[in-house]
Amino acid sequence: MPETPVIAPSRSFFYAVAVALFVYGWMSVNIYLPVLPELEKVLQIGRSTASLTVTVFLIGFSVTQLVWGPLSDRFGRKPLLLFGLAISVTGAVLTASANSLGLFMGARILESIGIGVAPVLARSVLTDSLDRDHVSTAMAYTAVVVALVPAVAPIIGGYLNLLWSWRSIFFFVAAYGAVLVTTCAFRLPETIHSRNRGLKAATAVGEYREMLSQREYLGYVGLYAISFGTLIGYYAAAPYIFVRALGYTPHEYGYLLLVNVGFYVLGAYVARILVPKVGTVRPLVFAIIAFAATSIIFVVLELFTDLSTLTVLLPMCIFIFGSGLVSPAANTGAMTLFRDKAGASTAVLGFAIAVGGAVFSGALSAFHITRLVELGTYVGVSTLLCLATYLKCLRKPMSPAPA
């Protein structure tokens, strides 16, 4: 009996899978942020410890990407993706069932280990299956979604908590993961064409060293990590700014962040237009200018007014527009430099931005932001780091003047 021909998935299917995987990863970070103040009471912990649950998750989320990427080069994308997603679903169910800080943190770590597979293999599947222009388009779509998730996920989490309890948030995450497992098991083909069956740990380390020794790649990764990490730190601090300092309810403050998200979407759209015309570096320069403007505006506002909804949201719109410029440009630049090592290359990228989120959210957890100058300082430090990275890694040396 002749075999039934396999119909190759369309380009839009790969876009959709990548978007769904990115949503899963970053939704798991942000969906429970509205209940952080409540978890302080439930788990009998302080604010710093509650915020630390975000940082710990991001560390696990980042480090494991360095493992999932090379392993997928060795064993294939699909089996590693299904295995990792299954681990994350188990972790989410255990988190929903936790009654103590130890169990909660342990379950979150398990969840983060599995969920690290999502963004790195989303990028790898795209790199395996699409050319440079379509990778850029796909990353523009995912940039929009990644921007929406930190604002929409807390709204969903806030309402789940309002209608049922904080535990329903993690059951919801588990259900989403289970749908992903089913879809990928039956619809997603293996996308890697030549597996690196001789891959060893020393080889993987060597590949990482090779990639990080290239200044251009390091520049793209560094700028993305800093800008996105700054954004995640802001989102982690937002419940305390809007709920504690400004008096909003946990399910209300997410709507405020939608204002910021609109500017991220605009930035990603502009980058999608600019990258094919001017390359991947020029949008990054525009982004750094936007970051610097944001820091200056916060400092100036401090001189004339106090912390309020508008004085927080409007300057951050400028920063977030710049962050939207960075995502498609930096992703495209980094992802297409090492096509023969797509798993390892995208693992470093995913690792870097999650570490950025962990560092910046961890830094903000030690502070109680009540002044605009504090936000300005926070963004200003990020701006200086981005500028230093650009000057060191991406700025082309000036040609010598003719004699």
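Scroll up a little and you will see the structure.
Not measured: the values here are computed from a predicted model.

A.B. asks: Help me out: how do you make sense of the overall build of the protein in this one?
C.D. replies: Counting secondary structure elements, the protein contains 16 helices and 0 strands. Looking at the 403 residues of the protein, the share that counts as buried comes to 57%. Looking at the protein alone, contacts between residues at least 24 apart form 85% of all its contacts between residues at least 6 apart. A total accessible area of about 16500 Å² is found for the protein, and carbon and sulfur atoms account for 68% of it.

A.B. asks: Sorry, what's going on with the packing of helix H13 (residues 282-304) against helix H14 (residues 309-335) here?
C.D. replies: Packed helix pairs are specified by the crossing angle of their axes together with the interaxial distance, meaning the distance between the axes. H14 packs onto H13 with a crossing angle of 165° between their chain directions and a minimal axis gap of 8 Å. On the basis of their axis angle, the class for H13 and H14 is roughly antiparallel. Between H13 and H14 lies a crossing whose hand is left-handed. Contacts between H13 and H14 involve Pro283, Leu284, Phe286, Ala287, Ala290, Phe291, Thr294, Ile297, Phe298 and Leu301 from the first element and Thr311, Val312, Pro315, Met316, Ile318, Phe319, Gly322, Ser323, Leu325, Val326, Ala329 and Ala330 from the second. When grouped by side-chain class, the residues that make up the contact of H13 with H14 number 18 nonpolar, 4 polar and no charged.

A.B. asks: What is the right way to look at the side chain of Ser382 in this model?
C.D. replies: With respect to the helices, strands and loops of the structure, Ser382 is situated in helix H16 (residues 372-394). Overall, the relative accessible area of 0% leaves Ser382 in the buried class. Apart from residues no more than four positions distant in its own chain, Ser382 is found in contact with Ile226, Thr230, Phe319 and Phe360.

A.B. asks: Which parts of the structure should I look at to understand a nonpolar patch on the surface?
C.D. replies: There is a patch of nonpolar side chains on the surface, built from Leu148, Val152, Ile156, Tyr159, Leu162, Leu163, Trp164, Phe172, Tyr255 and Leu258 and spanning about 920 Å² of accessible area. Mapped onto the nonpolar patch, the elements with two or more residues apiece are helix H8 (132-163) and helix H12 (253-278). For the nonpolar patch, the leading source of residues is H8, giving 6 residues. Tyr255 sits in the partly exposed class, given a relative accessible area of 42%.

A.B. asks: Help me out: how do you make sense of the packing of aromatic side chains in this one?
C.D. replies: To describe a pair of aromatic rings, you give the distance between the ring centres and the angle between the ring planes. One pass over the structure, following the stated rule, counts 11 aromatic pairs. Ring geometry for Tyr24 versus Tyr176: centroids 5.6 Å apart, planes at 20°, classification stacked. You can see Tyr24 sitting in helix H1 (residues 11-30) and its partner Tyr176 sitting in helix H9 (residues 166-187), a full 152 residues away along the chain. On the basis of relative accessibility, which here comes to 0%, the residue Tyr24 falls in the buried class. Between Tyr32 and Phe104, the aromatic rings sit 6.3 Å apart at their centres with planes inclined by 50°, giving tilted as the arrangement.

A.B. asks: Would you take a moment to explain the pattern of salt bridges for this structure?
C.D. replies: Any two side chains of opposite charge can pair, given that their charged atoms come close. This structure, assessed with the given rule, holds 2 salt bridges. A salt bridge links Arg108 to Glu111; its shortest N-O distance comes to 3.1 Å. With a gap of 3 residues between them, Arg108 and Glu111 both fall in helix H6 (residues 101-115), about one helical turn apart. A residue is classified by how much of its surface remains accessible, and Arg108, at 1% relative accessible area, is buried.

A.B. asks: In this structure, what is going on with the packing of helix H11 (residues 215-245) against H16? I would like to understand it.
C.D. replies: Between H11 and H16, whose axes approach to 8 Å, the crossing angle comes to 170°. Looking at the two axes, H11 sits roughly antiparallel to H16. Split by residue class, the contact of H11 with H16 holds 13 nonpolar, 8 polar and 3 charged.

A.B. asks: Could you clarify how one ought to interpret H12 in this entry?
C.D. replies: Residues that lie three or four places apart on an α-helix share one face, since the helix turns once every 3.6 residues. The end-to-end C-alpha distance of H12 is 37 Å, a good match for the 38 Å that 26 residues give at a rise of 1.5 Å each. Where H12 bends most, the angle comes to about 30°, and this point is Val259. Positive phi appears at Gly279, one or two residues downstream of H12, with a value of about 90°.

A.B. asks: Looking at this structure, I do not really get the environment of Val17. What am I missing?
C.D. replies: Examined against the element boundaries, Val17 turns out to sit in helix H1. Relative accessible area serves as the criterion here: at 8%, Val17 is assigned to the buried category. Separated by 170 residues in sequence, Val17 and Arg187 have C-alpha atoms that sit 9.8 Å apart.

A.B. asks: Any chance you could explain the nonpolar core here in plain terms?
C.D. replies: Soluble globular proteins: nonpolar side chains tend toward being buried together. In terms of nonpolar packing, the biggest core is built from 121 residues, with Tyr24, Trp26, Tyr32, Phe228, Tyr234 and Phe242 touching the most fellow members. Tallying contributions element by element places H11 first for this core, with 18 residues. Each residue touching Trp26, except ones within four places of it in the same chain, is listed here: Leu58, Phe61, Val146, Val149, Phe228, Ile232, Ile353 and Ala354.

The rules behind the values
- Residues numbered from 1 in each chain as written.
- Predicted model: local features only at pLDDT ≥ 70, side-chain atom pairs only at ≥ 80, totals over all residues.
- Heavy atoms only, no water.
- Helix = DSSP H or I, 4+ residues; strand = E, 2+ residues; numbered from the N terminus.
- Buried < 20%, exposed > 50% of the residue type's maximum accessible area, 1.4 Å probe, protein only.
- Contact = heavy atoms within 4.5 Å.
- Areas by Shrake-Rupley, 256 points an atom, 1.4 Å probe, with all protein chains shown as cover.
- Axes fitted to C-alpha atoms, helices over the stretch in contact; angles between N-to-C directions.
- Parallel < 35°, antiparallel > 145°, perpendicular 65-115°, else oblique.
- Left-handed = near helix turned anticlockwise from the far one by under 90°.
- Nonpolar A, V, L, I, M, F, W, Y, C, P; charged D, E, K, R; others polar.
- Patch = residues over 30% accessible without salt bridge, like charges linked within 9 Å, V, L, I, M, F, W, Y side chains within 5 Å.
- Salt bridge = Lys/Arg side-chain N within 4 Å of Asp/Glu carboxyl O.
- Phe/Tyr/Trp six-rings, centres within 6.5 Å; stacked < 30°, edge-to-face > 60°.
- Expected span 1.5 Å × (residues − 1).
- Bend = angle between axes of the 7 residues up to and from the residue.
- Core = buried A, V, L, I, M, F, W, Y, C linked by side-chain atoms within 4.5 Å.

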